[in-house]
Number of protein chains: 2
Amino acid sequence: MKRGFETAEYKARVKAAQLAMQHHDLAAILLTTEPEVRYFTGFHTRFWESPSRPWFVILPQSGAPVAVIPSIGEALMRRGWIEDIRTWSAPDPIDDGVSLLIEALREVAEEGRIGVPSGMESHLRMPLADFGRLQAAGLVFGDDAGIIAQLRAVKTEAEIEKIGRACAIAGRAFDRVGEVARQGARLDTVSRGFQRLLLEEGADWVPYLAGGAGPKGYADVISPAGSQPLALGDVLMLDTGAVWDGYFCDFDRNFSIGVPARQMAQPWSQLLEAALAGFEAARPGAEAADVWRAMASVVGGGETAGRLGHGLGMQLTEGLSLTARDHTVLEAGMVITLEPGIETADGMMLVHEENIVIRDGGAQILSPWASGPMPVL
Amino acid sequence: MKRGFETAEYKARVKAAQLAMQHHDLAAILLTTEPEVRYFTGFHTRFWESPSRPWFVILPQSGAPVAVIPSIGEALMRRGWIEDIRTWSAPDPIDDGVSLLIEALREVAEEGRIGVPSGMESHLRMPLADFGRLQAAGLVFGDDAGIIAQLRAVKTEAEIEKIGRACAIAGRAFDRVGEVARQGARLDTVSRGFQRLLLEEGADWVPYLAGGAGPKGYADVISPAGSQPLALGDVLMLDTGAVWDGYFCDFDRNFSIGVPARQMAQPWSQLLEAALAGFEAARPGAEAADVWRAMASVVGGGETAGRLGHGLGMQLTEGLSLTARDHTVLEAGMVITLEPGIETADGMMLVHEENIVIRDGGAQILSPWASGPMPVL
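Criteria and thresholds
Counting restarts for each chain: residues are numbered from 1 in the order of the written sequence. Numbering of ligands from 1 and lettering of chains from A proceed in the order in which they are written. The model is predicted, so local features are restricted to residues of pLDDT at least 70 and side-chain atom pairs to those at 80 or more, both for listing and for counting; the totals for chains, interfaces and linings are taken over all residues. By the criteria applied, helices consist of DSSP H or I runs no shorter than four residues and strands consist of E runs no shorter than two, each listed in order from the N terminus. In this setup the radius of gyration rests on C-alpha atoms only. A globule is expected at 2.2 Å times the number of residues raised to 0.38. To sort residues by exposure, count the other C-beta atoms lying within 10 Å of each residue's C-beta; 20 or more gives buried, 12 or fewer gives exposed, and values between give partly exposed, all with C-beta atoms placed from the backbone. We call two residues in contact when the distance between their C-beta atoms, placed using the backbone, is within 7 Å. Classification convention: Asp, Glu, Lys, Arg as charged; Ala, Val, Leu, Ile, Met, Phe, Trp, Tyr, Cys, Pro as nonpolar; all other residues, Gly among them, as polar. By this definition, two strands are paired if DSSP reports at least two bridges between them. To count as a nonpolar core, a set of buried Ala, Val, Leu, Ile, Met, Phe, Trp, Tyr and Cys residues must be joined through C-beta atoms within 7 Å. Each axis is a line fitted through C-alpha atoms, taken for helices only over the stretch in contact, and angles between the N-to-C directions span 0 to 180 degrees. Least squares is used to superpose the copies, and the fit set is the C-alpha atoms of residues whose pLDDT is at least 70 in both copies. Throughout the structure description, domain borders are defined by an automatic or database domain assignment. In this scheme, a helix's expected span is set at 1.5 Å multiplied by one less than its residue total. Orientation is classified from the angle alone, with under 35 degrees giving roughly parallel, over 145 giving roughly antiparallel, 65 to 115 giving roughly perpendicular, and any other angle giving oblique. By convention, the crossing between two helices is left-handed when the near helix turns anticlockwise from the far helix through less than a right angle, and right-handed when the turn is clockwise.

What follows is about the overall build of chain A. Counting secondary structure elements, chain A contains 10 helices and 15 strands. Here chain A has a C-alpha radius of gyration of 22 Å; the compact-globule value for 377 residues is 21 Å, and the two agree. Each of the three principal axes of chain A carries a C-alpha extent, and together these read 65 × 40 × 40 Å. The burial tally for chain A puts 57% of its 377 residues in the buried class. Across chain A, every contact between residues at least 6 apart in sequence was considered, and the portion connecting residues at least 24 apart equals 70%.

Let us look at the environment of R78(A). Inspection of the secondary structure puts R78(A) in helix α3 (residues 74-78). Remark: the alpha-carbon pair of R78(A) and I358(A), spanning 280 residues in sequence, is separated by 35 Å.

Counting residues at the interface gives 60 residues for chain B, matched by 60 residues for chain A. Among the elements of the structure, α3 (74-78), α5 (128-136), α8 (187-200) and β7 (205-214) of chain B are those that each provide at least two residues to the side of chain B that touches chain A. Here the element with the most residues in the side of chain B that touches chain A is β7(B); it accounts for six residues. For the side of chain B that touches chain A, the class distribution of residues is 26 nonpolar, 19 polar and 15 charged.

Attention now moves to unusual backbone geometry. Cis geometry marks the peptide bond from A90(A) to P91(A); its omega dihedral reads -5°. Relative to the helices and strands, P91(A) is located in the loop between β4 (84-88) and α4 (98-109). Even without glycine at this site, A145(A) takes up a positive phi of about 60°. Residue placement: A145(A) occurs in the loop between β6 (140-143) and α6 (147-153). The residue D346(B) is not glycine, and still its phi comes out positive at about 50°. Here D346(B) lies in the loop between β12 (341-345) and β13 (348-351). Judged by the 9 C-beta atoms lying within 10 Å of it, D346(B) falls in the exposed class.

Turning to the pairing of strand β12 (residues 341-345) of chain A, a few remarks are in order. All names here are of chain A. One ladder, built from four bridges, connects β12 with strand β13 (residues 348-351); its direction is antiparallel. Across the sheet, I342 pairs through a bridge with L350, a residue of β13. Counted between consecutive antiparallel strands, the loop separating β12 from β13 contains two residues, among which D346 sits at a positive phi close to 50°.

Let's shift gears to the nonpolar core. Core analysis: the largest hydrophobic core is formed by 244 residues, its most contacted members being A166(A) and A166(B). The residues contacting A166(A), other than those within four sequence positions of it, are A242(A), V243(A), W244(A), Y247(A), F248(A) and C249(A).

Quick look at the sheet that holds strand β5 (residues 113-116) of chain A now. Residue and element names in this part refer to chain A. Strand order in the open sheet made by the six strands is β4-β3-β2-β1-β5-β6, with mixed pairing throughout. Two strands bound the open sheet, and with one partner strand each, they are β4 and β6. Here the average twist between neighbouring strands, direction ignored, is 25°. As paired strands, β5 and β6 are joined by four bridges and run parallel to one another. Residue pairing in the sheet places V116 in a bridge with D143 of β6. Packed on one face of the sheet, α4 meets β1 (28-31), β2 (56-60), β3 (66-70), β4 and β5 and runs near 10° to β2.

Attention shifts here to the relation of the copies chain B and chain A. For the pair chain B and chain A, the superposition axis carries a translation of 0.0 Å, the fit reaches an RMSD of 0.0 Å, and the rotation angle comes to 180°. Such values leave the two copies arranged in the relation of a two-fold axis. When each C-alpha of chain B is compared by its distance to the rotation axis, R196(B) comes out closest, at 2.6 Å. Of all interface residues in chain B, 100% are interface residues in chain A too; the two copies therefore contact each other through one and the same surface.

Right, let's talk about the domain arrangement of chain A for a bit. Residues and elements named next belong to chain A. In terms of domains, chain A is made up of domain 1 (7-153) and domain 2 (157-365). Opposite the nine residues of domain 1 that make contact, domain 2 presents 10 residues. Residue assignment for the side of domain 1 that touches domain 2 shows that the elements contributing at least two residues are α2 (34-41) and α6. Here the side of domain 1 that touches domain 2 is built from residues that sort into four nonpolar, one polar and four charged.

Residues and elements named next belong to chain A. Between its first and last C-alpha atoms helix α10 (residues 288-299) spans 17 Å; for 12 residues at 1.5 Å apiece the expected length is 16 Å, and the two agree. Turning to α10, its buried residues number three or more, namely A288, V291, W292, R293, A294, M295, A296 and V299. For α10, the elements touching its buried residues are α9 (265-281), β11 (335-338) and β12. Taken from the residues just after α10, G300 is the one with a positive phi, measuring 65°.

Let us look at the packing of helix α9 (residues 265-281) of chain B against helix α10 (residues 288-299) of chain B. All names here are of chain B. Close contact between α9 and α10 brings their axes to 8 Å; oriented N to C, the two are set at 155°. The angle between α9 and α10 places the two elements in the roughly antiparallel class. The two elements α9 and α10 meet at a crossing, and its hand is right-handed. For the pair α9 and α10, the contacting residues are Q270, L271, E273, A274, A277, G278, E280 and A281 in the first and D290, V291, A294, M295, V298 and V299 in the second. Tallied by class, the residues present in the contact of α9 with α10 amount to nine nonpolar, two polar and three charged.

Turning our attention to the sheet that holds strand β15 (residues 362-365) of chain B. All names here are of chain B. Spatially, three strands are ordered β11-β14-β15 in an open sheet, and the strand pairing comes out antiparallel. Looking at the sheet topology across the chains shown, the edges are occupied by β11 (335-338) and β15. Averaged over neighbouring strand pairs, the angle between their axes works out to 40° when direction is ignored. Where strand β14 (residues 354-359) lies against β15, four bridges are found, and the strand directions are antiparallel. Residue pairing for β15: R359 is matched across the bridge by G362.

A few words on α10(B). When we look at burial in α10(B), the residues that qualify are A288(B), V291(B), W292(B), A294(B), M295(B), A296(B) and V299(B). On its buried face, α10(B) sits against α9, β11 and β12 of chain B.

Following this line, the structure appears as structure tokens:
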């Protein structure tokens, strides 16, 4: 499978953003975060792990995007399709790209408003003091009217293929969990071993892995693995966001250690039933809340896990939430997780997760769909 | 080695922040990013990979910190030392913790100014629109006077031990690179294999890995590995930020593929000499710029790689930069990288990196110090 995207795809994304900018009367949009920058430019590096340098991309209402970036990124940005690349030697304690950015923004938005993603899930990845300098220079900022988030929510076939590949990689790694997890193995050792399996099966890297284990489930689904050994009868849960070419899968699997966890059989079959109900409800035109309701009606008190699924793509979670409160209307091309959770006892829970893509006729499975009894290791 | 820190250490961090807040007349500091929150609370999860939910911690000028967090994080936060934990069911499209946060901030800063980290490397991890709501509620924000960055720059012994352990893990993995890298191997396969080695040697996870290879070095040090096979005579560079218990190492190693890369011998020995010069210059009282100068005088045109080192700790890069412009004065307890780079030809470069901690008498090595000819695989 080819890495990256055709230039035509990036141009189509820019064009779609520009149409929306005309509609919302925005002279430009300023992008500062990794997924926003990558979505339009293809600039792909793990170097965002370093907080030292800000990176800027300007989408003008018409014309080509402008990258205003640290010189350390120039060679990589030049490998992509962006032609207008302006650099400075960062980090600069006196002027960390601010003058350069002001100049570039003035060229395209001397008069008009500049949109900045400001809604849910967004943040501005630059020092607040520097943002203040942009404002003091007379530039006028407002929110981006949700344009970027809405564009990113509907995936192209090329994006869906990458997510599908990440799902397939994780699926093969889950099939091999028995190689690293057994009674007596420490959970943190299992966690390291499972990351190794994901890499062996083709993941580029493993940004996210959570794990939990216990006779009645686990207290949460976000903790890193502790050092407790797996005991006979425990349920082991591993939840991964593995990445291929910058796109995530996000699903978990549960396993019984040594013997079938008998008290888990009932909640487990409820989770499978809930996932299926979610799958059937996930069609174009349905609201996120409808899919939530389909699952919540099976698991009852379904908000234990916070929400019962979410959008997925360049980030582990992005876009809509399967909650009672989210009225986003599903469209073909949206990729989401179905993540029903159920309280088992004493604040312990069992959570199951699958990944699907919305198609015209209904949903299509991306992760290997779990069925039958919980697998025993 | 024990994970986490004693409660006394967290309390000392809070107390030090509070003393500085008194000095700068700040009623409170609002923290929103992963390292800031973890530094004071010990809250440690890879769940920050999900952008869906904001997390807040308030340090009042006196009294205990207040965590205002999504309920999905409550169980994990309760395992730590923070007692005042307030939660909401996130994500909430109508009010995503904002009212709860306003209420908590009013309790401690009804009158005074609230500091927010606003200087270099910082960002505010919450939607701008929600930050606007805090301001509209009459709360007054300003920068944090660099308090948080200054505190984090000087490490405790417990922190230094964790960084040292991450360095040792990477050192053992680098010793085994020959198991995954040889002539004909694809660079992306080598990259996956090296991540596996890091995990086998004890890394909790591998947030950062860059790789480059070529007969004259590589064009940059931030690109992900491509699919080209290693050729006889290539130099292979692997640069990793592996993590143990939330602390990074950050150093690279260069290898000759098959035969010693003869045209690299001279620049390679210059890099080793530069690292040594940096090591000797890195003493309490010296400026970051002095250490830069010591290395730049050896490699000449030393800014090819942007900067010749940086602070290191809970993030891959943090704090000071070894550049001509950074006049930060070194103190005992600071952990930094020495990262001399040299242009070899045609825009290609060779970069070498080591990690050290500043001690009263001078620097101490944390990464296994490279010497002698470039190792041949």
